[in-house]
Amino acid sequence: MKMSDGTRRTVEFLLDNLVWLMLIVVLAVFSVTIPGYFQFGIFANILEQSTFVGVMAIGLAIVIIAGHLDLSVESTAALSAMVTGLLFAKSGIGMGLTMSPEWLMLPASLLLAILVGAVIGVINGFFVVRLGMTAFIVTLATFIWARGLVVAISGGRSAQSLAPSIRVIGIERILGVPLLAWISVACFIIFAVLMAKTPFGRYVTLVGGNREATFRAGINSDRILWLSFILAGALAGVAGWLLAIRTSGATANLGTGMLFNAFAAVVIGGVSLKGGIGKLPGVYAGVLLLYSIHTAINLMGLPAHFTQVILGGLVLAAVLLDTLKLRLREKLL
Amino acid sequence: MKRMLKLIRTATATSVMLASAAFAQEKGTIYYMVPTLLDEFQTESVNAIEMFMGQVGYKTVTLNADNKTDVQQGQMNDTILLKPDAIVIAPVDFNALTPSIERAREAGVPVMIFDRQITSTMIDFTSVAGTVEIGHVAAGEIQRLLKEKNGTVSGKVLQVLGDPGDPYTLDIQKGFEELMAAYPDVEIITKPAMQWEASNAGSIVADQMLVNPDIDLIFVHAAHLAVAAVASLEAAGKKPGDVMLVSSNGAPVGLDLIRQGWEQVEVEQPLYAQAAALAMFADKVVNGEEIKPATYDVLGLKSEVTIEDWGPNIKIPGAAITADNVDDTTFWGNLQAPSATVESVK
């Protein structure tokens, strides 16, 4: 079948943005079928709740597009959250560190969280890039030891009551939308531009597509991979910082299960696990889709025991649709 | 100054624990299978069991199962081969550990249960507060709070469970709903916080407060979930007391929330007394002596030993912590290990 250029462009646009269409359809169906779902506050909640996995998923997507994996993002976020809680929370095991002027605590805690994440990124990068070890194993090990470190430094206890100058991020709203949600939107815009419009972004995609070829083309692929791991760590650090702010502290199991949500969002968002393919706006749509489902389950009057079954089924359906999209693309374009 | 005093108190309590544990350990070794260390109750239970067992002459070795049933089964199998004097287990899964417990007893290793009751096989000694009973205490307190607010026991309650795969939270739910069934004017909305993760609880509260803004009271099954619930209430512009909050397990963070006015009641599990009871009866369990049904004084709490189908069982009453008694040092959430030493029951 011969397609005109216009039709081809339209089909390509629709397929490229299928995840957004899926999101719109899902939101429409939930709005019609679930009482109370269709309201501004619920949509603001979805944006807010997707913040942590969203920021985490940016870094994860970059590493996956670069042709590797980072299983450590969840534990990295947990460690950053615990360090933030330990230093800046007032109750529990929190040391209640203060600074003068008080607002300094906000950038200081953020920088510290980024630093914690970046250090873990450097460790991962060292083993994967310098020593040539498999990213799956290296980051799996980090996933385990970083969570272990959280338990060790907290003794299994919680830090609670973050300083108000930090908590402001979790309380304030702009145009009725929580500040946390604006932060995740800003992160997605910044990194989407970075990936689409800068040489770094193009090199990440090229390295993930064919590392050998990029090396021969004179691109320092090792440097790109190092940066990818460090970025993933730093972004996980930011996610942990935001998570600590949302929960006003940290518990030893904070963030548990987020890795799988981040992976699901990245895959639903159209990032190929083989590397070299993927765009961050799609990942954001994937995250929003997941949390639209989470929120729907929170509102539905279903027995608690079925929650995981429903969530798993819906995620599977979303991924099936994404696979269908790829098949359609192969057939039509 | 307050912080300094707290530090000194904690240091003193730790020294007492270490010193008492170091004293008399001539009787042998007991293994404690803790289900997880990601929970303040379980973490403190390690300190308490090691301390009290030390006081009656046993060295305690603790193994953490990371909330995995298969890991705990493996630990049981390994430990049986080491032939300890006894095993104390807080099972990850109430029923899945039954074959391992039977294997241990067949191998001559007595088994004591801490906190999480198993009734499907014979146990040498069980020390529990009773998870269903925690639900009962919570129901009683929630009925009182609703009556104080609305004039009758009526209103809307959001119940936030822990992970729906954990029998611990399901038992609390069972106990709670059993007693609430008599009040049809109370609507209970139940949602699980997957994997006991705090931000999941926060999301549930944020969503439910939008679609059910008339929620009178939130009942969360662990204090660390209450912290996230409060963060969501705060983000929604609520002030302490606008929405009542009840939690269970008595962790330090829950007590702090009571002091801040966010939480009205914390249902305490008497952790120290539960651990002390194990130590009091350890000699009898290890030596295979008869445990007689009676009322025993366990750290000042009158506790009943009964002989059940599954063996001797001591049930220690849980308590409701409110603003009036929150500073009572006997509550484990205040993290002040009891100064009184326990003695073996003769």
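Parameters and conventions
- Residues numbered from 1 in each chain as written.
- Chains lettered and ligands numbered in written order.
- Predicted model: local features only at pLDDT ≥ 70, side-chain atom pairs only at ≥ 80, totals over all residues.
- Heavy atoms only, no water.
- Contact = heavy atoms within 4.5 Å.
- Buried area = accessible area lost by both parts, 1.4 Å probe.
- Salt bridge = Lys/Arg side-chain N within 4 Å of Asp/Glu carboxyl O.
- Polar contact = N/O pair within 3.5 Å; in protein donor to acceptor, adjacent residues only side chain to side chain.
- Helix = DSSP H or I, 4+ residues; strand = E, 2+ residues; numbered from the N terminus.
- Nonpolar A, V, L, I, M, F, W, Y, C, P; charged D, E, K, R; others polar.
- Pairing = 2+ DSSP bridges.
- Axes fitted to C-alpha atoms, helices over the stretch in contact; angles between N-to-C directions.
- Phe/Tyr/Trp six-rings, centres within 6.5 Å; stacked < 30°, edge-to-face > 60°.
- Buried < 20%, exposed > 50% of the residue type's maximum accessible area, 1.4 Å probe, protein only.

Moving on, we come to the interface of chain B and chain A. If you look at the interface, chain B gives 39 residues, while chain A gives 46 residues. Summed over both partners, the interface of chain B with chain A buries about 3300 Å², with 52% contributed by carbon and sulfur atoms. Broken down residue by residue, the surface that chain B buries against chain A is led by Leu38, Asp207 and Leu210 of chain B, which jointly contribute 17%. Counting every contact that joins chain B to chain A gives two salt bridges. With a shortest N-O distance of 3.1 Å, Arg157 of chain A and Glu40 of chain B are connected by a salt bridge. The interface formed by chain B and chain A includes 19 residue pairs in polar contact (both at pLDDT 80 or more). Per element, the largest residue contribution to the side of chain B that touches chain A is ten residues, and it comes from helix H7 (residues 198–211) of chain B. Of the residues belonging to the side of chain B that touches chain A, the class tally is 21 nonpolar, nine polar and nine charged.

Attention shifts here to the sheet that holds strand E14 (residues 319–321) of chain B. All names here are of chain B. Taken in spatial order, the six strands make up an open sheet running E7-E6-E8-E9-E10-E14, and their pairing is mixed. In the strand order of this sheet, the two ends are held by strand E7 (186–192) and E14, each with one partner. Put simply, the sheet's adjacent strands are angled 20° from each other on average, direction ignored. Those strands touched by helix H8 (residues 223–235) are strand E6 (155–161), strand E8 (217–220), strand E9 (244–249) and strand E10 (265–268), and its axis lies near 160° from that of E9.

A few words now on the sheet that holds strand E13 (residues 311–315) of chain B. Residues and elements named next belong to chain B. Sheet architecture is open: eight strands sit in the order E2-E1-E3-E4-E5-E13-E12-E11, paired in mixed fashion. The outermost strands of the open sheet, each flanked by one partner alone, are strand E2 (58–64) and strand E11 (294–298). Averaged over all pairs of adjacent strands, the angle between strand axes in this sheet comes to 20°, irrespective of strand direction. The strands that helix H4 (residues 98–106) touches are strand E3 (86–89) and strand E4 (111–114); relative to E4, the one it contacts most, it runs at about 145°.

Here we take up the packing of aromatic side chains. Tallied over the full model, the rule gives twelve aromatic pairs over all chains. Ring plane angle 80° and centroid distance 5.0 Å describe the contact between Phe281 of chain B and Tyr296 of chain B, whose orientation is recorded as edge-to-face. Here Phe281 of chain B is found in the loop between helix H10 (271–280) and helix H11 (282–287), whereas its partner Tyr296 of chain B is found in strand E11, with 15 residues between them in sequence. The two residues Phe281 of chain B and Tyr296 of chain B agree in class, both being buried. Among the aromatic residues, those joined into a ring-pair cluster are Phe30, Tyr37, Phe38 and Phe43 of chain A.

This brings us to the pattern of salt bridges. Residues and elements named next belong to chain B. The final tally for this structure, using the stated rule, is 17 salt bridges over all chains. Taking the shortest distance from any N to any O, the salt bridge between Asp283 and Lys27 comes out at 2.8 Å. Of this pair, Asp283 sits in helix H11 while Lys27 sits in the loop between helix H1 (2–23) and strand E1 (28–34), and the two are 256 residues apart along the sequence. Classification of Lys27 by relative accessible area gives partly exposed; the value is 36%. Connected through shared salt-bridge partners, Glu141, Arg144 and Glu148 make up one network.

Keep in mind these values describe shape, not function.
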